[in-house]
Amino acid sequence: MVGMENPVLLLPGYTDDEDDLKTIAAYLWEAGFQVYPFSPRPSDGSVLLEDLALQLQAYIELTFGPEQAVDLVAFSMGGLISRWYVQKLGGDQRVQRLITLATPHNGTLYAYMP
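Residues numbered from 1 in each chain as written. Predicted model: local features only at pLDDT ≥ 70, side-chain atom pairs only at ≥ 80, totals over all residues. Heavy atoms only, no water.

## A closer look at the side chain of Ser39
Phase 1: As for its position among the elements, Ser39 is in the loop between strand E2 (35-37) and helix H2 (49-63).
Phase 2: Polar contacts involving the side chain of Ser39 include one to the side chain of Glu18, which spans 2.4 Å. (Helix = DSSP H or I, 4+ residues; strand = E, 2+ residues; numbered from the N terminus. Polar contact = N/O pair within 3.5 Å; in protein donor to acceptor, adjacent residues only side chain to side chain.)

As structure tokens, this is what we get:
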């Protein structure tokens, strides 16, 4: 299967954690992928996406060898965090595939609510 050589990091969305991705994690494990759920904290919008992306960068650097490519599967805000990592922090050198699910790439009205 294509991509089985890369570990797959799962990133949840706004106010979620790895428990919210149990179903997809189980499916990927059953399909033979190495799955690593990762939940940057806090996930409630109280810190900048770039700070959460730095947590992702540190996790990848500490968990995998320097030459190991990774795949990211991210839901909602996790997709924005992943994009920041790939586009602004050099993650394009590590990430072979980025899959985002229900990610508000063009923003969301909720972000403007008081």
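After presenting the structure, the write-up continues.
## Structural notes on empty space enclosed by the protein
Phase 1: Inspection of the entire model under this criterion finds one cavity of 30 Å³ or more.
Phase 2: Here the largest cavity is characterised by a volume of approximately 30 Å³.
Phase 3: Contributing elements (two or more residues each) for the lining of the largest cavity: strand E1 (8-11) and strand E3 (70-75).
Phase 4: If you tally residues by element for the lining of the largest cavity, the top one is E3, at three residues.
Phase 5: For the lining of the largest cavity, the residue count by class is eight nonpolar, no polar and no charged. (1 Å grid on protein atoms, 1.4 Å probe; cavity = no way out; pocket = protein on both sides within 12 Å on 5 of 7 lines; lining within 4 Å. Points joined across faces, edges and corners; volume = space filled by probe spheres on them. Nonpolar A, V, L, I, M, F, W, Y, C, P; charged D, E, K, R; others polar.)

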